[in-house]
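# Remarks on the overall topology
Chain residues, written in single-letter form:
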Amino acid sequence: MAESTAKSTTTTPTTTPTTTPTTTPTTTPSTQHTITIPASVSMLSLLGPGDEFLKIVEREFAADIHSRGNAVTVTGPPAEAALVERLLDELVTMVRHGQGLTAETVERSIGMLRTETQERPADVLSLNILSNRGRTIRPKTLNQKRYVDAIDKHTIVFGIGPAGTGKTYLAMAKAVQALQAKEVNRIILTRPAVEAGERLGYLPGTLSEKIDPYLRPLYDALHDMLDPELIPKLLTAGTIEVAPLAYMRGRTLNDAFVVLDEAQNTSQEQMKMFLTRLGFGSRMVVTGDVTQVDLPTGTRSGLRVVQGILDQVDDVSFIRLTAHDVVRHKLVGRIVAAYDTYEATVSTEAPAGPRRTGPGRQA
């Protein structure tokens, strides 16, 4: 047991008889652990209001868990009991570091322990990237932590994965962190202005007003990370620049943290153009989802192609995030799952050919 918990005792293993369908007797080994939580740790913070966090642990583990005072007793299979003990140790560490626990934190900690990774949940979920107006930005999954670590260690990092995995948000947080630490002199945020089913020429307004909606998500993220009154000053001074990818052509970007978002909508030529803008003292993060390409038919995505070109190049890192790294409101996840179920049902019920509704007529 780690230093964060004061004491753990184990009783003599017992067995619980069970009966198989053939009435052949078997036994399931069971052990009991008593874990003493340090007096300096609030049990309310650890177990949650109304034991909310404790109920999550009980639901996720095949063990009986009871708390009394500052002692937590776990009874169940040895592997499950040991895992609960490790979980409580991680949660105690987070509380001691001043991180308020949430139901999401507990669930994600359990998921990491189940995957048997080398990284500790407390190390992953307690990594503070940026704090602003009482809000702290941290990685919430193991892959997000590896993504953040890669940005610290490499000059160019590609973050590839589905929407909602924090690719752009974490990259921008690292950019703001680097600017505040004076590691770079400016931040450059860029996106390709791809006409996904729309024609810019038919939209009202000036060229800047037509392009602005494509860049709006970047502005929204900035408002989460900086004081709103500071952003216009930084934009006016050129310390932060938000611009379409086409504006990068012909430039050399020195002492800058550059983020290219929606990179799946770059062509091969545009990707090469962007990467060769790298100047001295600069870092680049390229993000995108190769399953959501809006390029014209026949145009190959620069993000897809570059993986085979630069995968073995030193100081370039590719981090691939998955659906397990999606960080969204739980209701959004349920909505997405409901639509997936609906679409799967519709595809199986669709008729094989045109349906006749009358003589000479088809539906």
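Below is a short write-up of the structure. Note that the structure is a prediction, hence the values are computed from the model and not measured.

Another aspect to go through is helix H2 (residues 52-60). Of the residues making up H2, those classed as buried are Phe53, Leu54, Ile56 and Val57. The buried residues of H2 occupy an angular sector of 155° when projected down its axis, which confines them to one face. Away from the buried face of H2 by more than 90 degrees, exposed residues Lys55 and Arg59 are located. The elements touched by buried residues of H2 are helix H1 (43-47), strand S4 (64-68), helix H3 (78-96) and helix H4 (103-114).

Look at H3 against H4: their axes get within 10 Å of each other, and the N-to-C directions meet at 130°. Regarding the angle of H3 to H4, the classification is oblique. Crossing geometry of H3 relative to H4 is assigned as right-handed. Counted together, Glu80, Leu83, Arg86, Leu87, Leu91 and Met94 of H3 and Thr105, Val106, Ser109, Ile110, Leu113 and Arg114 of H4 form the full contact between these two elements. Classifying every residue of the contact of H3 with H4 by side-chain character gives 7 nonpolar, 2 polar and 3 charged.

Next up on the list: the packing of H2 against H4. Two elements in contact, H2 and H4, have axes whose closest approach is 9 Å; the angle formed by their N-to-C orientations is 30°. Between H2 and H4, the interaxial angle falls into the category roughly parallel. Crossing of H2 against H4: the hand is right-handed. Contacts between H2 and H4 pair Glu52, Phe53, Ile56, Val57, Arg59 and Glu60 from the former with Ala103, Val106, Glu107, Ile110 and Arg114 from the latter. A class-by-class count of the residues in the contact of H2 with H4 yields 6 nonpolar, no polar and 5 charged.

Applying the stated criterion to the full structure yields 1 aromatic pair. On the numbers, 4.5 Å between centres and 5° between planes, the contact of phenylalanine 158 with phenylalanine 318 is stacked. Taken as a pair, phenylalanine 158 in strand S8 (residues 156-160) and phenylalanine 318 in strand S13 (residues 316-320) lie far apart in primary sequence, 160 residues in all.

Basis of the calculations
Residues numbered from 1 in each chain as written. Predicted model: local features only at pLDDT ≥ 70, side-chain atom pairs only at ≥ 80, totals over all residues. Heavy atoms only, no water. Buried < 20%, exposed > 50% of the residue type's maximum accessible area, 1.4 Å probe, protein only. Helix = DSSP H or I, 4+ residues; strand = E, 2+ residues; numbered from the N terminus. Arc of directions from axis to C-beta. Contact = heavy atoms within 4.5 Å. Axes fitted to C-alpha atoms, helices over the stretch in contact; angles between N-to-C directions. Parallel < 35°, antiparallel > 145°, perpendicular 65-115°, else oblique. Left-handed = near helix turned anticlockwise from the far one by under 90°. Nonpolar A, V, L, I, M, F, W, Y, C, P; charged D, E, K, R; others polar. Phe/Tyr/Trp six-rings, centres within 6.5 Å; stacked < 30°, edge-to-face > 60°.

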